[in-house]
Amino acid sequence: MNPAPVHLSSLKLDALALDALPAGERAAARAHLDTCATCRARADELAALRSHFTVNVLPRTVSALQRPPAWRSAWRWWVPALAAATAVLLVMVRPVTPDDGPEFGVKGGAALQLYAHRGERTWKVEEGEALAPGDQVRFRMDGGGLPYALVVSVDGAGQVNTYYPFGGQASVLLPLSDMAELPGSIVLDEAPGPERLFALFSREPLTFDAVAPALRALAEGGAATIRERTHLPVPASAQATFLFEKTRH
């Protein structure tokens, strides 16, 4: 049996487009693109997404990212109550000012951004970035005009979760603003490996039961499939995705 082809990750394709790879990796990536129609098609898709972001998303989000930091909040009371129920905790936070950096996850007008907090540092998470157990992660997203949102995830340990609404069974109305900042965050557990999030947007509520089979099928594909799959086959009108790695520091 021939082994499955190894494709370039979205992160490497973005780095290649930005001329951010070392010379050796850049040459190898270009050589791979010369022979791989799948990766060429993905590179074209990512180029279209970057163009969409520059033209349609960035002008509406720059001002929103200038708000002053305020991580100090009353989130800590959630921790004891939820620690016994799940390894991923819901905590309440207030807005922060993340570091500057590129946006990811724009798909058909929808956008999903992640921000992390560790110790005294708060930053915008890059696609594919490694995060540590205990990091607090929160979301900002835009439904592209669609009113309902459901954020779900799958990780390398096969766990599937609903992150917004946390532990919920159906999507809920988004706040009425562009790149809405969601009212809570999660605390990462210790399970290492990739974790992929999907923000699913729709005109009517979408139930978790309608999404769970596709998430579990993705989990069965293992870490490589989770890293490569950027679309969930579910009845959402639009979706955005984001991948990060969980590692032990």
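Further up the page is the structure itself.
Being a predicted model, the structure only gives us computed values, none of them experimental.

## Observations regarding the packing of aromatic side chains
Now for step 1: Inspection of the entire model under this criterion finds one aromatic pair.
Now for step 2: Here the aromatic rings of Phe139 and Tyr163 are separated by 6.2 Å at their centres, their planes lie at 20 degrees, and the arrangement is stacked. In this pair, Phe139 is assigned in strand β5 (residues 136-142) and Tyr163 in strand β7 (residues 160-164), connecting sequence segments 24 residues apart.
Now for step 3: Note that Arg121 overlies the ring of Trp123, its terminal NZ or CZ placed 3.9 Å from the centroid.

## Some points on the pattern of salt bridges
Now for step 1: Taken as a whole and judged by the stated rule, the model has seven salt bridges.
Now for step 2: The salt bridge partner of Lys246 is Asp155, with a shortest N-O separation of 3.0 Å. Linking Lys246 in strand β11 (residues 238-246) with Asp155 in strand β6 (residues 148-155), this pair joins segments that are 91 residues apart in sequence.
Now for step 3: Of the residues examined, Asp155 reaches a relative accessible area of 3% and is grouped as buried.

## Comments concerning the pairing of strand β9 (residues 180-187)
Now for step 1: Buried residues dominate β9, accounting for seven of its eight residues.
Now for step 2: Pairing geometry for β5 and β9, over five bridges, is antiparallel. From the neighbouring strand, Val137 faces β9, where its bridge partner is Ile186.

Calculation notes
- Residues numbered from 1 in each chain as written.
- Predicted model: local features only at pLDDT ≥ 70, side-chain atom pairs only at ≥ 80, totals over all residues.
- Heavy atoms only, no water.
- Phe/Tyr/Trp six-rings, centres within 6.5 Å; stacked < 30°, edge-to-face > 60°.
- Helix = DSSP H or I, 4+ residues; strand = E, 2+ residues; numbered from the N terminus.
- Lys NZ or Arg CZ within 6 Å of the ring centre and 35° of its normal.
- Salt bridge = Lys/Arg side-chain N within 4 Å of Asp/Glu carboxyl O.
- Buried < 20%, exposed > 50% of the residue type's maximum accessible area, 1.4 Å probe, protein only.
- Pairing = 2+ DSSP bridges.

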